[in-house]
Amino acid sequence: MPDPEIRKTLTLVEETFAEPFRPLPRPIRRAVALAVVANPFAGRYVEDLSELIETGALLGDRLGRLALAALGCAPEAVEGYGKAALVGEDGEMEHAAALLHPKLGAPLRALIGGGAALIPSAKGRGGPGRSFDVPLGHRHDAWSRAHFDAITVSLPDAPRAGEIVVAVALTDGGRPLPRVGGGPPKPPPAG
């Protein structure tokens with residue numbers, strides 16, 4: 001399989017020190033790494049999407065490494081994760097699904113030392129500058145309400161009609177000052 005045609009990557013870090021009315025006990029960091037990739041199937045229907053599936057595996061590792069480096073913590077300190085894709089107007093939603101679902105998660109989990117919970121995901125279609133949310137959840141406990149969140153991203157020049165923007169996000173905490181129940185996250189599974 002040929003290497004994916006990546007036009008650019010972008011890594012963003014958000015560090016929250018306070019919510020309105022109260023400082024946080026510790027800053028919460030969230031990092032998201034994005035890649036703008038050419039859509040080899042833009043403008044046409046193709047039955048076999050294995051090229052995009054393999055690209056998803058490569059991006060899971062590459063974007064995971066960028067996000068982890070930006071987050072600035074040890075892999076075991078990562079609490080949450082998420083993934084999303086925004087397809088340009090000449091692509092299909094199934095193109096985003098091919099990138100995100102079959103193989104992107106395994107290299108990302110390997111990078112951070114595992115994750116028992118599904119990686120929350122979202123897909124959309126739009127043009128350059130469209131904002132989209134990368135959903136977030138706890139990496140081991142899918143029911144940790146304190147980690148139900150999202151980070152909104154956009155690129156002013158992407159995706160073009162024949163491109164897809166893929167995003168991977170990592171966090172070192174949940175929402176600031178959570179108070180809607182659900183208790184603390186379950187510990188990671190043994191082994």
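In short, a report on the structure. (Residues numbered from 1 in each chain as written. Predicted model: local features only at pLDDT ≥ 70, side-chain atom pairs only at ≥ 80, totals over all residues. Heavy atoms only, no water.)

Glancing now at the pairing of strand β7 (residues 163–171). Counting buried residues in β7 gives nine out of nine residues, a clear majority hidden from the surface. The two faces of β7 match: E163, V165, A167, A169 and T171 on one face and I164, V166, V168 and L170 on the other face are all buried. Of the strand pairs in this sheet, strand β2 (residues 22–38) and β7 are connected by nine bridges, and their pairing is antiparallel. Of the residues in β7, the one forming a bridge with V37 is I164. Both strand β3 (residues 80–87) and β7 contribute to a ladder of eight bridges, which runs antiparallel. Residue L86 lies in a different strand from β7, and its bridge partner there is V165. (Buried < 20%, exposed > 50% of the residue type's maximum accessible area, 1.4 Å probe, protein only. Helix = DSSP H or I, 4+ residues; strand = E, 2+ residues; numbered from the N terminus. Pairing = 2+ DSSP bridges.)

Note on placement: F41 falls in the loop between β2 and α1 (50–71). Residue class for F41 comes out buried when judged on its relative accessible area of 5%. Taking the C-alpha atoms as reference points, F41 and G162, separated by 121 residues in sequence, lie 8.2 Å from one another. With near-sequence residues (within four places) excluded, F41 lies in contact with V46, D48, L49, E51, L52 and H95. (Contact = heavy atoms within 4.5 Å.)

Summed over the entire model, instances satisfying the criterion amount to 10 salt bridges. Notably, a salt bridge pairs E163 with R7, separated by 2.6 Å at the nearest N-O pair. Note that E163 is positioned in strand β7 and R7 in strand β1 (residues 6–19), a separation of 156 residues in sequence. For E163, a relative accessible area of 9% corresponds to the buried category. The class for R7 is partly exposed, based on a relative accessible area of 31%. Salt-bridge contacts for D157 lead to K8; the nearest nitrogen and oxygen are separated by 3.2 Å. In this pair, D157 sits in the loop between β6 (149–153) and β7 while K8 sits in strand β1, placing the two residues 149 residues apart along the sequence. (Salt bridge = Lys/Arg side-chain N within 4 Å of Asp/Glu carboxyl O.)

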